[in-house]
Amino acid sequence: MFIPTKKQAEEIVKKYGTPVFVTDAETINNQAKKLLDAFKDLNAKVFYAIKANYNPHIVNIIKKSGIYGIDAVSPNEVQFALGLGYLPEQIIFTPNSLSDEEIKTVGNLGILQNLGSISELRRYCKFFPGSKVSLRICPETGAGEFHQVVTGALHSKFGLDKNDLEEARAICKKYKVKIVGIHSHIGSGFYQAREFKESVIEVCRIAKKFNDLEFFDFGGGFGVYYRPEEKPINLKEFVLAVKEPLDEFNKKNKKNIEIRIEPGKFLVSESTVLLARVTTIKEKNKKVFVGLDTGFNHLIRPAMYGAYHHIVNLSRNKGEVKLVQVVGNICETCDVFNKGIKMINPKEGDILAILVAGGYGASMSSNYNMRALACEVLIKDKKIILTKRIQTYKEIISLYL
Ligand code: LLP
């Protein structure tokens, strides 16, 4: 995982202030290479789940690294990907709860849709008879780092119920829409392949009943670790989980089905830190609170899911190690980055790095408490490039009429 040096951090902070997301291009390239190498013997295409981080400079690194396309979940994400030069066939649309307008907008752009409800499928078929579609099924198995991000389980809102598959087929037949893909996404941030393999087996089982299939899409979710001492996940396990059921399916059905995966976290999370300055230290109830000039408006994962993000004090490499609680500047009790972390004696003015903040950090940011979105910089070929400037007060209020 990327951790900037003290020198890099000081240079960035001097130029752009805090808080600031700092992304290392090399880490993204390494993650992309690991994934492409692991899946190279399968007939596989990788679609980056752009919701994880849509900074266009970051997406361009991913594009150049050989990752084939984009998984988009909203018409704006689709439009953005097209603007970055992706072709319609390089974009897959995996939405939910779509309006008619949204179905039409994306369909008119010639983007394939992964639909997970009878309602959306019926409306799509009416608007685009004679076209192609992919079905998002519910694999009835799920996994993920928090219960809120498990998508494949029966109780989640995602995917078609298996009892609805016959109706889905009948609707498509009526409108001469070809079902060319089966999609499944079990959740975000899993570390072992057991549930993933179960979902692959379920997709292969369901696929037997469909004749026009061109691809299986197994979604994203490949886990990343949040502590520096942890080892990366073993991608080979996931490749094997696909290979065995797929080989059997291909052999039996005399096919060479294309495989698609849609990682978000795996490509971007480890590449980025959020640098923040310690503004306020106080002791209360025998605890040391270290207050930062950022909060859950910039990185909501700890407050929303209880996610662990390691934090290091880049301003000090020696001194007494203290147990502290690192908190943000948002007016909510849950605005805590870490309830108890050991850190070299933080002082007001120090620069802390919150690690593994590249996935679902900036992309889930908000203007809560009327605070500005943080700026973003990229370290590439030893150069430091500002990729997103800080929001102004005027911009924050600009939408009000
Ligand atoms: N494909 C689909 C259909 C998805 O819904 C998602 C993520 C992905 C791919 C990419 O999953 P990834 O590889 O990034 O795990 N905000 C949460 C994660 C939510 C994920 C939503 N869907 C977090 O910060 O942990």
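Note that the structure is a prediction, hence the values are computed from the model and not measured.

Participant: Break down the pairing of strand E16 (residues 375-380) for me, citing the residues and quoting the values.
Facilitator: Counted residue by residue, E16 has five buried out of six residues, so it is predominantly covered. Where strand E1 (residues 20-24) lies against E16, five bridges are found, and the strand directions are parallel. Considered in E16, the bridge of Val20 is made with Cys375. Note that E16 and strand E17 (residues 383-388) share five bridges and pair antiparallel. Residue pairing for E17: Lys380 is matched across the bridge by Lys383.

Participant: Any details on the domain arrangement of the protein? Residues and values, ideally.
Facilitator: Where the parts come together, the accessible area they lose is often given as the size of the interface. Per the domain assignment, the segments of the protein are domain 1 (6-21 + 270-396) and domain 2 (39-265). For domain 1 and domain 2, the distance between their C-alpha centroids amounts to 33 Å. Opposite the 18 residues of domain 1 that make contact, domain 2 presents 17 residues. Summing both sides of the interface, domain 1 and domain 2 together bury roughly 1800 Å²; the carbon and sulfur share of this comes to 59%. It is Tyr305, Tyr308 and Tyr360 in domain 1 that bury the most area against domain 2; as a group they hold 31% of the surface buried on that side. Inspection of the region where domain 1 meets domain 2 yields one salt bridge.

Participant: Just give me the short version of the layout of surface pockets, but keep the residues and values in it.
Facilitator: In this approach a probe as big as a water molecule rolls over the atoms, and the regions it shows empty are the leftover space. When its volume is computed, the largest pocket comes out at roughly 750 Å³. What lines the largest pocket is a set of 34 residues, and nearest its centre among them are Lys51, Thr151, Phe158, His185 and Tyr360. For the lining of the largest pocket, the secondary-structure elements that each account for two or more residues are helix H10 (265-268) and helix H11 (301-305). Considering every element that reaches the lining of the largest pocket, the biggest residue donor is H11, with three residues. Here the residues of the lining of the largest pocket sort into 13 nonpolar, 13 polar and eight charged. Looking at which domains feed residues into the lining of the largest pocket, each of domain 1 (6-21 + 270-396) and domain 2 (39-265) gives three or more. Here the second largest pocket defines a volume of roughly 390 Å³. Those elements that place two or more of their residues in the lining of the second largest pocket are helix H1 (6-16), helix H2 (25-38), helix H3 (56-64), E16 and E17. With four residues, the top contributor of residues to the lining of the second largest pocket is H3. Residue composition of the lining of the second largest pocket, grouped by class: six nonpolar, four polar and eight charged. Taken together, domain 1 (6-21 + 270-396) and domain 2 (39-265) each give at least three residues to the lining of the second largest pocket, which thus spans both.

Participant: I'd like a description of the packing of aromatic side chains, backed by residues and values.
Facilitator: Summed over the entire model, instances satisfying the criterion amount to 15 aromatic pairs. Aromatic pair Phe222 and Phe238: ring centres 5.4 Å apart, planes at 90°, arrangement edge-to-face. A residue pair is termed long-range when its members are at least 10 positions apart, and Phe222 in the loop between strand E8 (215-217) and helix H9 (235-253) and Phe238 in helix H9 qualify at 16 residues. Phe238 gets classed as buried once you look at its relative accessible area, which sits at 0%. A centroid spacing of 5.7 Å and a plane angle of 15° characterise the contact between Phe296 and Tyr368, whose relative ring orientation is stacked. Of this pair, Phe296 sits in the loop between strand E11 (287-292) and H11 while Tyr368 is found in the loop between strand E15 (351-354) and E16, placing the two residues 72 residues apart along the sequence.

Basis of the calculations
Residues numbered from 1 in each chain as written. Predicted model: local features only at pLDDT ≥ 70, side-chain atom pairs only at ≥ 80, totals over all residues. Heavy atoms only, no water. Buried < 20%, exposed > 50% of the residue type's maximum accessible area, 1.4 Å probe, protein only. Helix = DSSP H or I, 4+ residues; strand = E, 2+ residues; numbered from the N terminus. Pairing = 2+ DSSP bridges. Domains from an automatic or database assignment. Contact = heavy atoms within 4.5 Å. Buried area = accessible area lost by both parts, 1.4 Å probe. Salt bridge = Lys/Arg side-chain N within 4 Å of Asp/Glu carboxyl O. 1 Å grid on protein atoms, 1.4 Å probe; cavity = no way out; pocket = protein on both sides within 12 Å on 5 of 7 lines; lining within 4 Å. Points joined across faces, edges and corners; volume = space filled by probe spheres on them. Nonpolar A, V, L, I, M, F, W, Y, C, P; charged D, E, K, R; others polar. Phe/Tyr/Trp six-rings, centres within 6.5 Å; stacked < 30°, edge-to-face > 60°.

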